[in-house]
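The lines below spell out each chain.
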Amino acid sequence: MATSNSNDFNLKRNEIIEESFRELGVKTPNRSLTNEEMNDGARTLNLFCKAQIAKGLFLWKTKQATLFLTANQSTYTIDGSTAHCTQSYTETTTSAAAATSATDIIVTSATGFVVGYNIGVYLDNNTIHWSTITVIASTTITLNDALPSAAASGNIVYVYETKINRPENIENAQSTISSSNDIPMVKLSRDTYYNIPVKNATGRPNQFYYDKQLTKGLLNLWPLPNDSSNKIEFSFINQIFDFDTATDDPDFPVEWLQPIILGVAYRLCRKYGRLEMQEKEQLKRDADEALAEAEGYDREETSFYFQPATSINVNSYR
């Protein structure tokens, strides 16, 4: 018996909606969904998927990002356009000194450089000058904005394409000086962060508080970074993508198809009244069970350690 040798099965947005309506008997082989039913299904599908955000950590939506720091700046706005925060970047160095007002720099390697990408040049005054690349001629890079200060040979140069949008949450973070020098940072609650008495202390950041707002996230660091060459590496939960068009793929692993179909079907059955009470209750049980299985499968495995007591107070048992 031959297998397909493929594992790319998935469903598009409208196929998921049709499967949900089939659970209710609304979609039958001889009946197509109306535009109103399809639109209602799309809304319910998006509502169901967005509600899963509140359930917490999803392994497939956990990403790594790097935040480039500014000396003496404590708060960074992560919204896809403000802070220099990205999932992937290239690092190299200058191979020749660049003077104040220069628009060209010479780098050790231009691998990963693309016209239009963001570029940051570490300057001699302990700041990073950010601009975009306009021309690449071998290892000579032309910047859109001239250097406001000089950069010595050997200074760090960063290049990246896009900034990350607002994270749903930041799970953990490390303060990084080099690839071999990381220290874990302590995640603070809102009250703990705002109760820090001396907010303007400087040093290497070792604590953070993430404030998720409607359109942006504010990453607050303490103490204030004293060196712009330091970075923050962190794990974050990315936003779940919307279902906007009929052919959109779900932003979920394939094992979530059944929980999504049953969960949407249960929510639709309350609107359409196509099932008897006993059938509704059974559909809810099936939906809850499928969801629990998917959630349990997509959690990271953890270890528990038990340490026996080293001494026993016999008198406490008398």
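For the structure itself, look to the data block above.
The structure contained in this document is the topic of the report that follows.

Reading guide: rules and limits
- Residues numbered from 1 in each chain as written.
- Predicted model: local features only at pLDDT ≥ 70, side-chain atom pairs only at ≥ 80, totals over all residues.
- Heavy atoms only, no water.
- Pairing = 2+ DSSP bridges.
- Helix = DSSP H or I, 4+ residues; strand = E, 2+ residues; numbered from the N terminus.
- Axes fitted to C-alpha atoms, helices over the stretch in contact; angles between N-to-C directions.
- Core = buried A, V, L, I, M, F, W, Y, C linked by side-chain atoms within 4.5 Å.
- Buried < 20%, exposed > 50% of the residue type's maximum accessible area, 1.4 Å probe, protein only.
- Contact = heavy atoms within 4.5 Å.
- Expected span 1.5 Å × (residues − 1).
- Arc of directions from axis to C-beta.
- Parallel < 35°, antiparallel > 145°, perpendicular 65-115°, else oblique.
- Left-handed = near helix turned anticlockwise from the far one by under 90°.
- Nonpolar A, V, L, I, M, F, W, Y, C, P; charged D, E, K, R; others polar.
- Phe/Tyr/Trp six-rings, centres within 6.5 Å; stacked < 30°, edge-to-face > 60°.

### Details of the sheet that holds strand β7 (residues 128-137)
Overall, antiparallel pairing links the six strands, which are arranged β4-β9-β6-β7-β8-β5 in an open sheet. Two strands bound the open sheet, and with one partner strand each, they are β4 (90-93) and β5 (104-106). Looking at each pair of strands side by side, their axes are set apart by 35° on average, direction ignored.

### Points about the sheet that holds strand β14 (residues 207-212)
The strands making up a sheet associate through hydrogen bonds between their backbones, and the pairing can be parallel or antiparallel. With respect to topology, four strands assemble into an open sheet ordered β2-β15-β14-β12, the strand pairing being mixed. The open sheet has two edge strands, β2 (75-78) and β12 (186-187), and neither has a second partner. With two bridges joining them, β12 and β14 adopt parallel strand pairing. Its bridge partner being in β14, V186 is matched across the sheet by Q207.

### Side note on the nonpolar core
Ranked by size, the top nonpolar core spans 33 residues in total, and within it I16, L24, L45, W256, I260 and L283 carry the most contacts. Those elements that place two or more of their residues in this core are α1 (13-24), α2 (35-51), α4 (257-272) and α5 (277-297). It is α4 that contributes the most residues to this core, nine residues altogether. With sequence-adjacent residues up to four places away left out, L45 is seen in contact with R13, I16, I17, F243, I260 and V264. Counting 18 residues, the second-largest nonpolar core is a separate cluster that includes A65, Y76, A173 and F236.

### So, the environment of L214
Checked against the element boundaries, L214 lands in the loop between β14 and β15 (217-222). For the pair formed by L214 and R166, sequence separation is 48 residues and the distance between their alpha carbons is 8.9 Å.

### Remarks on α5
Taking 1.5 Å as the rise per residue, α5 with 21 residues should run 30 Å; its terminal C-alpha atoms sit 30 Å apart, in good agreement. By the burial criterion, the buried members of α5 are K280, L283, A287, A290, L291, A294 and E295. Looking straight down α5, one finds that the buried residues subtend no more than 135° of arc, so they occupy a single side. Summarising the geometry of α5, the exposed residues directed more than 90 degrees from the buried face are Q278, E293, G296 and Y297. Looking at the packing, one finds that the buried side of α5 touches α1 and α4.

### Some thoughts on unusual backbone geometry
A cis amide bond links W222 to the next residue, P223, at an omega of -10°. If you trace the backbone, P223 turns up in the loop between β15 and β16 (224-225). A positive phi angle, near 60°, is found at N5, a position not held by glycine. Among the secondary structure elements, N5 is positioned in the segment before α1. Phi at N72 is positive, roughly 70°, even though this residue is not glycine. The residue N72 is located in the loop between β1 (62-68) and β2 in this model.

### Concerning the packing of α1 against α4
Contact pair α1 / α4: the axes reach a minimum separation of 8 Å and the direction vectors enclose 55°. Regarding the angle of α1 to α4, the classification is oblique. Taken as a pair, α1 and α4 cross one another with a handedness that is right-handed. Here I16, E19, S20, F21, E23 and L24 of α1 come into contact with α4, specifically with L257, I260, I261, L262, V264, A265, L268, C269 and Y272. Taken together, the residues that form the contact of α1 with α4 break down as 12 nonpolar, one polar and two charged.

### Observations concerning the packing of α1 against α2
Closest axis-to-axis distance for the α1/α2 pair is 10 Å, and the angle between their directions is 100°. One element, α1, and the other, α2, form an angle in the roughly perpendicular class. Contacts between α1 and α2 involve R13, N14, I16, I17, E18 and F21 from the first element and E37, M38, G41, A42 and L45 from the second.

### Concerning the pairing of β1
As paired elements, β1 and strand β17 (residues 231-237) share seven bridges and run antiparallel to each other. What sits directly across from Q64, in β17, is S235. Examined bridge by bridge, β1 and strand β3 (residues 85-86) share two bridges and lie antiparallel to one another. Looking at β3, one finds that L67 is bridged to C85.

### Some words on the packing of aromatic side chains
The tally for this structure, following the rule as stated, stands at 14 aromatic pairs. Pairing F68 with Y89 gives two aromatic rings, centres 5.2 Å apart and planes at 80°, and the pair type is edge-to-face. You can see F68 sitting in strand β1 and its partner Y89 sitting in the loop between β3 and β4, a full 21 residues away along the chain. Residue Y89 is classed as partly exposed on the basis of its relative accessible area of 26%. Here the aromatic rings of F68 and Y160 are separated by 6.2 Å at their centres, their planes lie at 20°, and the arrangement is stacked. Of the two residues, F68 sits in strand β1 while Y160 sits in strand β9 (residues 156-160), which places them 92 residues apart along the sequence. Note on accessibility: F68 and Y160 belong to one class, buried. Each residue in the set F68, Y89, W130, Y158 and Y160 is aromatic and connected to the rest through ring pairs, giving one cluster.

None of the figures reported here should be taken as evidence of function without further support.
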